[in-house]
Amino acid sequence: MGLETKPLSTLHEKASYDVADFPVPTGREEEWRFTPLARLKGLHDGTAAVTGGVVVDVEAAPEVRVETVARDDARLGRAYTPADRVSAQAYSSFEKATVVTVPKMTAASRPTVITLRGSGDGAAAYGHILVSVEPLAEAVLVLDHRGSAVYADNVEFDVAEGATLKVVSLQDWDDDAVHVSHHHARLGKDATFRSFVVTLGGDLVRLSPSVSYTAPGGDADLTGLYFVDAGQHLEHRLLVDHSVPNCRSNVTYKGALQGDEAHAVWIGDVIIRAEAEGTDTYELNRNLLLTDGARADSVPNLEILTGEVAGAGHASASGRLDDEHIFYLQARGIPFDEARRLVIHGFFAQLLEKIQLPELRERVLSAVEAELAR
């Protein structure tokens, strides 16, 4: 399959399965300028030898079918074409893929949990996951990343007509991990997709969630929570491509940062093409800077090529803890550290309510508590 060029002035102009179609990044490109390439350990330039291991373990709902397939399986790559060099490298380098299928008109009775655990040997590994939700089916999926790894992968979510998929992706890597991942959801007619990304661990994590629509009525909600510590680089690059009429998207990402050289990057790209009349979209990013030395880069981009939209907007803000909120609590006898904790809880509370799995919500809340105690 050759190089596809998209006729839009966006950061996503190319798509190809071939690594050679993407030049090696130098850091001067718009899509790579925030990423510290030297810390990618060769994932971006082909020098990362495939000698490492990431173990994939699936605990599936009884109604769900799970397969491990070879890279020549015809179902792979149909929902997503790689849009940058690391994604193409991952696609051309994985040996086995995990395919999860939710049969037509089936409602899974419990979440399917995919645990990806790094072996900690410092060598690179590549992976691929396809989640296919057939017409009128419903499922909840958890992606749980743990351990130490240098890892690049692509995850395809193919959500068919009238189907519903809810995904929680937890990046809870060890402190030395490097992870570059693309999550792409392709929505059919009247399909519903809910994504909740939680990024806490790793030395460098660059996650690129994206959504495309194949028919009217698609509804996507992308939520993210991240907590960045000293020296960490956590980067989220989102793309919602509205190419058909009467679809909806909503993006809400919030992060907190503390410590010297804690760095968060959020890029939110929404494209409303000329044929996508009746689109309703909004994106929001908020960053809470808890200490000096932390840095947040937040760049919302909204490209509208039609005047017939139901709604379109974006907002972005980064700032410090509100002294008035802290003072209000302290004036009522609450110590500073506890007041600070309560304000940060309030900052994340609305997002945490969206995690409908109580044990996972508690795990994320405990992880945030542990970060605040550092």
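Everything numeric in this text was worked out from a predicted model, so none of it was measured. (Residues numbered from 1 in each chain as written. Predicted model: local features only at pLDDT ≥ 70, side-chain atom pairs only at ≥ 80, totals over all residues. Heavy atoms only, no water.)

## What to know about the pattern of salt bridges
Between side chains of opposite charge, pairing is possible as soon as their charged atoms come close.
Item 1. Tallying each qualifying case throughout the model produces 21 salt bridges.
Item 2. Note that Arg320 is salt-bridged to Asp292, the shortest N-O span being 2.7 Å. With a gap of 28 residues between them, Arg320 in strand β18 (residues 311–320) and Asp292 in the loop between β16 (280–289) and β17 (295–304) connect regions that are remote in the sequence. Neither Arg320 nor Asp292 differs from the other in exposure class; each is exposed. (Salt bridge = Lys/Arg side-chain N within 4 Å of Asp/Glu carboxyl O. Helix = DSSP H or I, 4+ residues; strand = E, 2+ residues; numbered from the N terminus. Buried < 20%, exposed > 50% of the residue type's maximum accessible area, 1.4 Å probe, protein only.)

## Details of the UniProt feature "domain: SUF system FeS cluster assembly SufBD core" (unreviewed entry) in the protein chain
Item 1. Listed under "domain: SUF system FeS cluster assembly SufBD core" (unreviewed entry) in the UniProt record, and renumbered for this structure, are residues 119–347.
Item 2. Secondary structure over residues 119–347 splits into 9% helix and 62% strand, and the C-alpha atoms at its two ends are 35 Å apart. (UniProt positions renumbered as here; feature names shortened; annotations may be inferred.)

## Description of the pairing of β16
Item 1. Here β16 lies mainly inside the structure; seven of its 10 residues are buried.
Item 2. Bridge count for strand β14 (residues 248–257) against β16 is 10 bridges, and the pairing is parallel. Bridged to Val251 within β16 is Glu283.
Item 3. In this sheet, β18 lies alongside β16 in parallel orientation, the contact comprising 10 bridges. Bridge pairing in β18 links Asn285 to Ser316. (Pairing = 2+ DSSP bridges.)

## Description of the packing of helix α2 (residues 323–330) against helix α3 (residues 336–352)
Item 1. Across the interface, α2 lies against α3 with an axial gap of 9 Å and an inter-helix angle of 125°. One finds that α2 runs oblique with respect to α3. Classified by chirality, the crossing of α3 by α2 is right-handed. Contact residues: α2 offers His325, Ile326, Leu329 and Gln330, while α3 offers Phe336, Ala339, Arg340, Leu342 and Val343.
Item 2. Per-class residue counts for the contact of α2 with α3 are six nonpolar, two polar and one charged. (Axes fitted to C-alpha atoms, helices over the stretch in contact; angles between N-to-C directions. Parallel < 35°, antiparallel > 145°, perpendicular 65-115°, else oblique. Left-handed = near helix turned anticlockwise from the far one by under 90°. Contact = heavy atoms within 4.5 Å. Nonpolar A, V, L, I, M, F, W, Y, C, P; charged D, E, K, R; others polar.)

## Here's the deal with the nonpolar core
Item 1. Formed by 55 residues in total, the largest nonpolar core has its most connected members in Phe157, Leu165, Leu187 and Phe193.
Item 2. Among the elements that take part in this core, strand β7 (residues 138–159) stands out by supplying eight residues, more than any other. (Core = buried A, V, L, I, M, F, W, Y, C linked by side-chain atoms within 4.5 Å.)

## Description of the domain arrangement of the protein chain
Item 1. For the protein chain, the assigned domains read domain 1 (19–320) and domain 2 (322–373).
Item 2. Using C-alpha coordinates to define each centre, domain 1 is positioned 26 Å away from domain 2.
Item 3. Between domain 1 and domain 2, roughly 2000 Å² of surface is buried when both sides are summed, and carbon and sulfur atoms account for 69% of that area.
Item 4. A per-residue breakdown of the area domain 1 buries against domain 2 is headed by Leu225, Phe227 and Lys254, which together make up 25% of the total.
Item 5. At the junction of domain 1 and domain 2, the tally comes to three salt bridges.
Item 6. Taking the shortest distance from any N to any O, the salt bridge between Lys354 and Asp221 comes out at 3.3 Å. (Domains from an automatic or database assignment. Buried area = accessible area lost by both parts, 1.4 Å probe.)

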